[in-house]
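For reference, the chains in residue letters:
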4 protein chains.
Amino acid sequence: MNASIDVYKNVVEELIPFNKHLGFKLVDVKQDYASILIPFKPHLIGNPVKRSIHGGVIAAAMDTVGGVAGMTQFSSFEDTMATIDLRIDYLRYGQEKDIICEAKITKAGSKVIFTEMKAYHADEPDVIISEGKAVYSIRRKQAKVRE
Amino acid sequence: MNASIDVYKNVVEELIPFNKHLGFKLVDVKQDYASILIPFKPHLIGNPVKRSIHGGVIAAAMDTVGGVAGMTQFSSFEDTMATIDLRIDYLRYGQEKDIICEAKITKAGSKVIFTEMKAYHADEPDVIISEGKAVYSIRRKQAKVRE
Amino acid sequence: MNASIDVYKNVVEELIPFNKHLGFKLVDVKQDYASILIPFKPHLIGNPVKRSIHGGVIAAAMDTVGGVAGMTQFSSFEDTMATIDLRIDYLRYGQEKDIICEAKITKAGSKVIFTEMKAYHADEPDVIISEGKAVYSIRRKQAKVRE
Amino acid sequence: MNASIDVYKNVVEELIPFNKHLGFKLVDVKQDYASILIPFKPHLIGNPVKRSIHGGVIAAAMDTVGGVAGMTQFSSFEDTMATIDLRIDYLRYGQEKDIICEAKITKAGSKVIFTEMKAYHADEPDVIISEGKAVYSIRRKQAKVRE
């Protein structure tokens, strides 16, 4: 969908209450790709001993960013998406730092979109904290021309 | 672990910042089982058109409740756990209502614990909104006697 | 779909080459449910030291039996299905014995079907070896009346 | 583990009965990486109408190749591994052609190894048929020096 980044930014940061509540920020979006920032806040901690980020924060970010990547497949905002399933591997602890979560589409079918995600600390992009996969259903008002 | 429900309640509702932030309440815990309540709040919404709960809220609750079920395998709070992976199927939209999320252990090994979760509206326990699976690593200070 | 068990039996045991090659047998099928038998053969072993069944055999059986359960949603054999994703938890080793693999549908939507599976030794139905989940896309020639 | 490719080749192609039965061939192995070939045979077909490979063949190959990649973490063949879970996304149909399945380790911990896999037709390496993830438990006779 040929929309400006500001349109997506508004969706992620203002229109979706839970994203706004957690403070997610859109970093980038381009065809079949999106990235968001999870600004660190103490209430995002899941393990008070290790001071690590709650797995649910990562999960919420992955579901969100995969959805934004998926929206780049929309013809218009009349198209709709829903998460079918989400799977996350927790490779390392997320620390008390900002985290980036990226998604890219691996296959966009006429009815189903596959995405993969990764999360890393903003200051250490080469060390993956978590990896994810999600599948979304998409309802296109206008049929997809070629698959 | 032979701890009173109040001990677990304190862990879920007070000691884990993100759970406290989202308002999760422990409902029940017994050997190899736990359930929590997600009290509905408007900022938990993920889809502002359908007014449905964000998938990340469900994911956070599943990771949490699976972890509590897993803790019933602890010999003491010196044992530790970490989520290895989490997978969620989103069968139906979560509505603007309280949601219950339950977990049970399906296999507790010496180093790895398998759990399964389900989520449903508190007033409609027979209609599953989401199902989940998680695997946790467990570090036992005291070796498991038999597997 | 109102077909006799013999029709499904023919699909599983004769028409699908890989199932036939592995010797899978249909045990039962009813609305939203199916079960198959994996007769033990030495070439199904994956771990020659532990003499345990290859995880791929279980995976093939789960994909198969979930597909058969899904076919009970067909209006006719003009409907088609494809596996979107498959996830398996290996709780215990499968031994040198016959294994049963069951599937039931947890949600049948108009375009997507969710299933869950379990596998156990035929002589020990209460001890689960593996659990699985699969999501299938379904193309119905005739629209689903109500979801 | 500092073993020659022939050692791994023997494990994959001769010692594991199910791999031998399906005709899997080891293509390459290096630290934290492995690839295998699934030579096409008509009995590997899962969908007799579309003439596509059975999802269980891909699953078996992914479990196998992830295991071989994991074995490169062994100190000796006294170390052992077991699959904890396996997840596969089926992006496209596998056709009546040879398929390559690759695995790489994304995180090797002291007790758990995370891997990711992809499968593609041997003559079209850029078009991914299926993607997978697997987690393995590893029992090291000799403790891992650093994680």
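Every chain's residues receive numbers from 1 upward, in the order its sequence appears when written. Ligands are numbered from 1 and chains lettered from A, in the order in which they are written. Reporting of local features is limited, given that this is a predicted model, to residues whose pLDDT is at least 70; pairs of side-chain atoms are given and counted only at 80 or more, and all residues count toward the totals for whole chains, interfaces and linings. In computing side-chain values, all of the structure's heavy atoms are included and hydrogens and water are not.

## Digging into the pairing of strand β8 (residues 128–139) of chain D
All names here are of chain D. Which entries qualify depends on this criterion: Exposed residues in this analysis have more than 50% of their type's maximum accessible area, buried residues have under 20%, and partly exposed residues fall in between, with area computed by a 1.4 Å probe over protein chains only. Segments assigned H or I by DSSP are reported as helices when at least four residues long, segments assigned E as strands when at least two residues long, and all are numbered from the N terminus. At least two bridges found by DSSP between two strands are what make those strands a pair.
Among the 12 residues that make up β8, 10 are buried, leaving the element largely enclosed by the rest of the structure. Judged from the 10 bridges that link them, strand β5 (residues 80–90) and β8 form a sheet pairing that is antiparallel. In the strand pairing of β8, alanine 82 is matched with serine 137. Between the antiparallel neighbours strand β7 (residues 112–121) and β8 lie six residues.

## Thoughts on the relation of the copies chain D and chain C
Quick reminder of the rule: Least-squares superposition aligns the copies on the C-alpha atoms of those residues with pLDDT at or above 70 in both. Whether two residues touch is decided by their heavy atoms; if any such pair falls within 4.5 Å, the residues are in contact.
With an RMSD of 0.0 Å, the operation that places chain D on chain C is a rotation of 180 degrees combined with a shift of 0.0 Å along the axis. Overall, the copies show the geometry of a two-fold rotation axis. Considering only C-alpha atoms, the residue of chain D closest to the rotation axis is Arg87(D), which sits at 2.1 Å. When the interface residues of chain D are mapped onto chain C, 100% of them again fall at the interface, so both copies present the same face.

## Thoughts on the interface of chain D and chain C
This is how it is decided: Think of a salt bridge as a Lys or Arg side-chain nitrogen and an Asp or Glu carboxyl oxygen that are within 4 Å of each other. Polar contact is defined as a pair of N or O atoms within 3.5 Å, subject to the rule that within protein one atom must be able to donate a hydrogen and the other to accept it, and that residues adjacent in sequence are counted only when both atoms are side-chain atoms. For this classification, the nonpolar set comprises Ala, Val, Leu, Ile, Met, Phe, Trp, Tyr, Cys and Pro, the charged set comprises Asp, Glu, Lys and Arg, and every other residue, Gly included, is treated as polar.
Listed as interface residues are 32 residues of chain D and, on the opposing side, 32 residues of chain C. Across the chain D-chain C interface, the total number found is zero salt bridges. For the pair chain D and chain C, the number of links is 15 residue pairs in polar contact (both at pLDDT 80 or more). Of all the secondary structure elements, the ones that give two or more residues to the side of chain D that touches chain C are α2 (17–22), β3 (45–47), α3 (55–71) and β5 of chain D. Counting residues per element, the side of chain D that touches chain C draws most heavily on β5(D), at 10 residues. Considering only residue class, the side of chain D that touches chain C consists of 19 nonpolar, nine polar and four charged. By the bridge criterion, five bridges tie strand β5 (residues 80–90) of chain C to β5(D) in an arrangement that is antiparallel. Note that in β5(D) the partner of Arg87(C) across the bridge is Arg87(D).

## Regarding the relation of the copies chain C and chain B
Once chain C is rotated about the relating axis by 180 degrees and shifted along it by 0.0 Å, it coincides with chain B to within an RMSD of 0.0 Å. Comparing interface residues between copies, 100% of those in chain C also lie at the interface in chain B; the contact surface is shared.

## Some details on the environment of Tyr120(A)
Residue and element names in this part refer to chain A. Relative to the assigned elements, tyrosine 120 resides in strand β7 (residues 112–121). Each C-alpha atom, one on tyrosine 120 and one on cysteine 101, is 6.7 Å from the other, the two residues being 19 residues apart in sequence. When near neighbours in sequence (up to four residues on either side) are disregarded, tyrosine 120 contacts Asp98, Ile99, Ile100, Glu102, Pro125, Val127, Ile128 and Ile129. A polar contact is formed between the side chain of tyrosine 120 and the side chain of glutamate 102, at a distance of 2.5 Å.

## Comments concerning unusual backbone geometry
Phi at Asp32(B) is positive, roughly 70 degrees, even though this residue is not glycine. Of note, Asp32(B) is situated in the loop between β1 (25–30) and β2 (33–38).

## Looking at α3(D)
Just so we agree on the cut-off: Each helix should span, by expectation, one fewer than its residue count multiplied by 1.5 Å.
With 17 residues, α3(D) should cover 24 Å at 1.5 Å per step; its first-to-last C-alpha distance of 24 Å lies within 8% of that length. Within α3(D), 17 of the 17 residues are buried, which leaves it mostly tucked inside the rest of the structure.

## A few points about the packing of aromatic side chains
Given two aromatic rings, their pairing is described by the distance between the two centres and the angle made by the two planes. Here is the rule: Geometry of aromatic contacts follows a simple scheme: Phe, Tyr and Trp rings, the Trp one being its six-membered ring, pair when their centres are within 6.5 Å, and the pair is stacked under 30 degrees between planes, edge-to-face over 60, tilted otherwise. In this analysis the charged atom, NZ for Lys or CZ for Arg, is taken to sit over a ring once it is within 6 Å of the ring centre and within 35 degrees of the ring normal.
Under the counting rule described, the total for this entry stands at eight aromatic pairs over all chains. Taking the centre distance of 6.3 Å and the plane angle of 85 degrees together, the rings of Phe74(D) and Phe77(D) count as edge-to-face. Through a chain of ring-to-ring contacts, three or more aromatic side chains come together here, namely Tyr8(A), Phe74(A) and Phe77(A). Directly above the aromatic system of Tyr33(B) lies the positively charged group of Lys30(B), at a separation of 5.1 Å from the ring centroid.

## Considerations on the confidence of the model for chain A
Basically, it comes down to this: Within a predicted model, pLDDT stands for the predictor's per-residue confidence, ranging from 0 to 100.
Mean pLDDT over chain A stands at 95; residues scoring 70 or higher make up 98%. For this predicted complex, the interface confidence score (ipTM) comes to 0.95, while the overall pTM stands at 0.95.

## Some points on the packing of helix α1 (residues 5–15) of chain A against helix α3 (residues 55–71) of chain A
Residues and elements named next belong to chain A. Spelled out, the test is: Whenever a helix is involved, its axis is fitted only over the stretch in contact; in every case the axis is a line through C-alpha atoms, and angles between N-to-C directions fall within 0 to 180 degrees. Roughly parallel covers angles under 35 degrees, roughly antiparallel covers those over 145, roughly perpendicular covers 65 to 115, and oblique covers all other angles. Crossing chirality is assigned from the near helix's rotation relative to the far helix, an anticlockwise turn below a right angle marking it left-handed and a clockwise turn marking it right-handed.
Packing of α1 against α3 leaves a shortest axis separation of 11 Å and a crossing angle of 150 degrees. With respect to each other, α1 and α3 are oriented roughly antiparallel. Read as a crossing pair, α1 and α3 show a hand that is right-handed. Counting all contacts with α1, which are made through Tyr8, Val11 and Val12, the residues of α3 involved are Thr64, Val68 and Met71. Per-class residue counts for the contact of α1 with α3 are five nonpolar, one polar and no charged.

## Focus on α1(A)
Residue and element names in this part refer to chain A. Applicable threshold: By construction, the arc corresponds to the directions joining the helix axis to the C-beta atoms.
For α1, the set of buried residues is Tyr8, Val11, Val12 and Glu13. The buried residues of α1 occupy one face: seen down the axis, they fall within an arc of 165 degrees. Check the buried side of α1 and you find it contacts α2 (17–22), β1 (25–30) and α3.

## Looking at the side chain of Glu102(B)
Residues and elements named next belong to chain B. Heads up, the rule is: His residues and chain termini do not enter the charge count, which takes Lys and Arg as positive and Asp and Glu as negative.
By secondary structure assignment, the location of glutamate 102 is in strand β6 (residues 99–108). One buried charge, glutamate 102, has no salt-bridge partner; the nearest side chain with opposite charge is lysine 118, at 4.4 Å. Aside from chain neighbours lying at most four places away, what touches glutamate 102 is Tyr33, Ala34, Ser35, Val65, Glu116, Met117, Lys118 and Tyr120.

## Observations concerning the packing of helix α3 (residues 55–71) of chain C against α3(D)
Relative to each other, α3(C) and α3(D) sit at 155 degrees, their axes nearing to 8 Å. By the angle class used here, α3(C) and α3(D) are roughly antiparallel. As α3(C) runs across α3(D), the sense of the crossing is right-handed. Residue-level contacts link Gly55(C), Gly56(C), Ala59(C), Ala60(C) and Asp63(C) of α3(C) to Gly55(D), Gly56(D), Ala59(D), Ala60(D) and Asp63(D) of α3(D). Residues that form the contact of α3(C) with α3(D) fall into these classes: four nonpolar, four polar and two charged.

## So, the interface of chain C and chain B
For clarity, the threshold we go by: In short, buried area is how much 1.4 Å probe accessible area vanishes from two parts on joining, totalled over both.
Contacts between the two partners involve 12 residues from chain C and, on the opposite side, 12 residues from chain B. Considering only the surface of chain C that becomes buried against chain B, Asp89(C), Leu91(C) and Lys133(C) emerge as the three largest contributors, covering 38% of it. Counting across the interface, chain C meets chain B through four salt bridges. Two residues, Arg87(C) and Asp89(B), come together in a salt bridge whose shortest N-O distance is 3.0 Å.

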